[in-house]
Amino acid sequence: MIHLLPSLALAGAVVLAYGNSFGGVFQFDDFNVIVGNPAVHSWQAWLADAPTGIRPLLKFSYMVNWTWGVGTFGFHLLNTLIQAVNAILIYHLSRKLLENLPSPSPKAAAFACALIFALHPAQTEAVTYISGRSTSLMAMFYLASLLAYAHGRAQNNRWLLYLASPLLFILAVLTKETAVTLPLALLLWERTRESKEPWKRTIKNLGVHAGLVGMMAFAFAVHRGYSKFFEACFRTRGWEENLLTQINALPHLFSRLFLFPSLNIDPDLPLVLGWNFLVLSQALLLAALISLGLTCLRRRPSLGFGLLWFFIHLLPTNSFIPRLDIANDRQLYLASWGLFLAFSSELERIAGYLKPGPLLPAAATPLLAFILCLSTMARNEVYQSEVALWEDTAQKSPHKARVHNNLGYAYYLSGRYGEAERSYLTALRLKPDDSLARNNLTLLENLRAKKG
C-alpha cells in the first residue's frame, strides 16, 4: 500500500487545487467546439462526423459529457481526473528516468516534479478551460505511450514496445494532431538514459512509431477535414512570418511559468514581419538553450532532457505552422514537464552539496506547492463567468480588439448594456474594420430601439 502513497497524494493535490473550478461555465471556444457543435451532442451525430471530422477521440469525450446530462460539472470533473492521471504518469516517468541517471534522490525529485506539474497555475488553461482538454487528454495518451515504451525497453517486452505504446500513440493523435512529436520524445528518452545503446538498435526500437508517423502524414494529406484544417492555418500567415513571430513569442511563453499573475487566455502578441535586433537576440538565446540541452545530455542528462523536451513539444504549435492565436498558455502543458524535471533534479543535486542536505528540497517542495496551489485556485476563479474572464483579459490585453468585443458580448448577455456598448466602441476604435464588433453593436442598438 505504501507504494501508492505518492500517486494518492498527487491525486489529492489536484482535487484540492481544482475543486473550485467545478462551478465554471462554458467560455470562448467552448461555444464553437461544444455548445454549438451538433457532432458532440449525440452518439449518432458523433458517428456521422467521425469519418470526415478531425480529433474524433476528443469529440467523443465531449459527446460523453454532453449526453451525461449534468452540465459543465461533468466536463470539469473529467478534466480534473485527466489532470490527476497525468500528474501520476509524470511521477512514474520522472522516477524511471532519474533512476537510470546519476541522481541522489530520484523518488523525491520525481515527486517534486510531478507535484509542480499538478499544481502549476499555467496548467489551468488545459484543465479549467473546458476546451483545453484537447491538450490534457492528448497528453494523457502521449505520456502513457511513453511509459509503456519505457517499461517495454526495461523488460524487453515486445507487447509493450510494439503494440501497447503504438496504440496509445494513435489514440493521442486522434485526440490532437500535435502528438506526432512522440518519436522525437522517444529518441530523446533513449539518448538520455545512462546505458545508451548503438544508434542502430535505437532506430530499430523506434521503427513502429516512426512508421506510424509516415502513415499519419499521408492520412492528414488525404483526409478532407485535416486538409481544410491545415489550409486554414496557412491562410492565416506565411511560414516565414510565423517563424519570426514565434521566435518572439517563445520567451513570452517561457515567462508564464514564473509570472503567474500574467496568465492570459488571449495574449496580445505582435506579428513580426522581419528581422530586428530584438528578434535576432531572441533567436540567438533560443539557439543557445537548444545547444546547451544537447551538450548537457552527456554530463547533466536531466538538465539536457528538460531543455530539449521543452522545445520538442513547442515544435507543432510554435514554429513553422501558423495558428490563429500566436501563443496560448496551454501550449506549455506538456512542454513544461521537462523544465519541472530539470528544476527538481537540480534542486536535489544542489542539496547534496549543502549542509542541510535533504532538508532543503524537503522544505522547499511543500512551500512551493502551497504557493502554486493558491495561485491555481485564484486563476480558477477567473473562469467562473464570462464577464470575469474577459475583464481579466482586457486588463492584460488592453489593445486587442477581439478581447474588448468578447467582453462587450459578455456584458450584453449579462444585461449590462451600457458597459457592452463601451466595450464594442473600444474594439472598433482599436480595429475600425472589426465586422463582428460592428454587428454586435448594431444588435445592441436594435435591442434598445425595440425596448423604446
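Our structure's up above, just so we're on the same page.
Bear in mind that the values here come from a model prediction, so they are computed numbers and not experimental data.

**Concerning the overall build of the chain**
Phase 1 of the analysis: Counting its secondary structure elements, the chain contains 22 helices and zero strands.
Phase 2 of the analysis: Over its C-alpha atoms the chain spans a radius of gyration of 23 Å, differing by no more than 12% from the 22 Å that the globule rule assigns to 452 residues.
Phase 3 of the analysis: For the chain, the spread of C-alpha atoms along the three principal axes comes to 80 × 55 × 55 Å.
Phase 4 of the analysis: By residue count, 53% of the 452 residues in the chain fall in the buried class.

**Points about the packing of aromatic side chains**
Phase 1 of the analysis: Enumeration over the complete set of coordinates arrives at 24 aromatic pairs.
Phase 2 of the analysis: Summarising the aromatic geometry, the rings of Phe 229 and Phe 230 are spaced 5.2 Å apart at their centres and angled 75° between planes, so their arrangement reads as edge-to-face.
Phase 3 of the analysis: On the basis of relative accessibility, which here comes to 26%, the residue Phe 229 falls in the partly exposed class.
Phase 4 of the analysis: An aromatic cluster of three or more residues is present, and its members are Tyr 142, Trp 189, Phe 305, Trp 309 and Trp 337.

**Thoughts on the packing of helix α4 (residues 56-68) against helix α9 (residues 158-175)**
Phase 1 of the analysis: Remark: α4 packs on α9, axes separated minimally by 5 Å, with the N-to-C direction vectors making an angle of 75°. Classified by the angle their axes make, α4 and α9 are roughly perpendicular. In this structure, α4 contributes Pro 56, Leu 57 and Leu 58 to the contact, and α9 contributes Leu 171, Leu 174 and Thr 175.
Phase 2 of the analysis: Across the contact of α4 with α9, the residue classes break down as five nonpolar, one polar and no charged.

**A word on the environment of Asn 276**
Phase 1 of the analysis: Note on placement: Asn 276 falls in the loop between α14 (239-255) and α15 (277-299).
Phase 2 of the analysis: Here Asn 276 falls in the partly exposed class, since its relative accessible area comes to 37%.
Phase 3 of the analysis: Here the alpha-carbon distance between Asn 276 and Ile 290, two residues 14 residues apart in the chain, equals 21 Å.
Phase 4 of the analysis: Among the polar contacts made by the side chain of Asn 276, one reaches the main-chain amide nitrogen of Leu 278 at a distance of 3.1 Å.

**Digging into helix α21 (residues 417-430)**
Phase 1 of the analysis: Between its terminal C-alpha atoms α21 stretches 20 Å, which fits the 20 Å expected from 14 residues at 1.5 Å a residue.
Phase 2 of the analysis: Within α21 the residues assigned to the buried category are Ala 420, Ser 423, Tyr 424, Thr 426, Ala 427 and Leu 428.

**Observations regarding unusual backbone geometry**
Phase 1 of the analysis: Positive phi outside glycine occurs at Phe 28, with the angle close to 50°.
Phase 2 of the analysis: Phe 28 sits in the buried class, given a relative accessible area of 17%.
Phase 3 of the analysis: For Arg 55, which is not glycine, the phi torsion reads 50° and is therefore positive.
Phase 4 of the analysis: Examined against the element boundaries, Arg 55 turns out to sit in the loop between α3 (43-49) and α4.

**What to know about the side chain of Asn 242**
Phase 1 of the analysis: Topologically, Asn 242 is positioned in helix α14.
Phase 2 of the analysis: The class for Asn 242 is buried, based on a relative accessible area of 0%.
Phase 3 of the analysis: Those residues in contact with Asn 242, other than ones at most four positions away along the chain, are Arg 237, Ser 319, Phe 320, Ile 321, Pro 322 and Arg 323.

**Comments concerning a nonpolar patch on the surface**
Phase 1 of the analysis: A surface patch of nonpolar side chains, about 400 Å² in accessible area, is lined by Leu 367, Phe 370, Ile 371 and Leu 374.
Phase 2 of the analysis: Looking at the secondary structure, you find Leu 367 in helix α18 (residues 359-382).

**With respect to the pattern of salt bridges**
Phase 1 of the analysis: For the coordinates displayed, the defined rule picks out 14 salt bridges.
Phase 2 of the analysis: When the shortest N-O distance is used, the salt bridge between Arg 153 and Glu 190 registers 2.5 Å. Of this pair, Arg 153 sits in helix α8 (residues 133-155) while Glu 190 is found in helix α10 (residues 182-192), placing the two residues 37 residues apart along the sequence.
Phase 3 of the analysis: Looking at Arg 153, the relative accessible area reads 12%, which means it is buried.
Phase 4 of the analysis: Asp 325 is the partner of Arg 402 in a salt bridge, and the nearest nitrogen-oxygen pair spans 2.7 Å. Taken together, the residues Arg 402 in helix α20 (residues 401-413) and Asp 325 in the loop between α16 (301-312) and α17 (332-353) connect sequence positions 77 residues apart.
Phase 5 of the analysis: Overlapping salt bridges, with partners in common, bring together Asp 266, Asp 325, Lys 400 and Arg 402 in one network.

**Some thoughts on the state of the cysteines**
Phase 1 of the analysis: Counting across every chain of the model gives zero disulfides.
Phase 2 of the analysis: The structure places no disulfide on Cys 296, whose sulfur is separated from the nearest cysteine sulfur, that of Cys 113, by 17 Å.

**Describing helix α1 (residues 5-18)**
Phase 1 of the analysis: With 14 residues, α1 should reach 20 Å at 1.5 Å per residue; the first-to-last C-alpha distance of 20 Å fits that figure.
Phase 2 of the analysis: Of the residues making up α1, those classed as buried are Pro 6, Ser 7, Leu 10, Ala 13, Val 14, Ala 17 and Tyr 18. One side of α1 carries all its buried residues, which in axial view fall inside an arc of 125°. Along α1, the residues that are exposed and aim more than 90 degrees away from the buried face are Val 15 and Leu 16.

**Some details on the nonpolar core**
Phase 1 of the analysis: In this structure, Leu 119, Tyr 142, Trp 189, Phe 305, Trp 309 and Trp 337 are the most contacted members of the largest nonpolar core, which totals 92 residues.
Phase 2 of the analysis: Broken down by element, this core gets its largest block of residues, 11 residues, from α8.
Phase 3 of the analysis: Filtering out sequence-adjacent residues up to four positions away, Trp 189 remains in contact with Leu 93, Lys 96, Leu 97, Leu 146, Ala 150, Phe 305 and Trp 337.
Phase 4 of the analysis: Counting 22 residues, the second largest nonpolar core, distinct from the first, contains Ile 265, Tyr 411, Ala 427 and Leu 428.

Cut-offs applied
Residues numbered from 1 in each chain as written. Predicted model: local features only at pLDDT ≥ 70, side-chain atom pairs only at ≥ 80, totals over all residues. Heavy atoms only, no water. Helix = DSSP H or I, 4+ residues; strand = E, 2+ residues; numbered from the N terminus. Rg over C-alpha atoms; globule rule 2.2 N^0.38 Å. Buried < 20%, exposed > 50% of the residue type's maximum accessible area, 1.4 Å probe, protein only. Phe/Tyr/Trp six-rings, centres within 6.5 Å; stacked < 30°, edge-to-face > 60°. Axes fitted to C-alpha atoms, helices over the stretch in contact; angles between N-to-C directions. Parallel < 35°, antiparallel > 145°, perpendicular 65-115°, else oblique. Contact = heavy atoms within 4.5 Å. Nonpolar A, V, L, I, M, F, W, Y, C, P; charged D, E, K, R; others polar. Polar contact = N/O pair within 3.5 Å; in protein donor to acceptor, adjacent residues only side chain to side chain. Expected span 1.5 Å × (residues − 1). Patch = residues over 30% accessible without salt bridge, like charges linked within 9 Å, V, L, I, M, F, W, Y side chains within 5 Å. Areas by Shrake-Rupley, 256 points an atom, 1.4 Å probe, with all protein chains shown as cover. Salt bridge = Lys/Arg side-chain N within 4 Å of Asp/Glu carboxyl O. Disulfide = S-S within 2.5 Å. Arc of directions from axis to C-beta. Core = buried A, V, L, I, M, F, W, Y, C linked by side-chain atoms within 4.5 Å.

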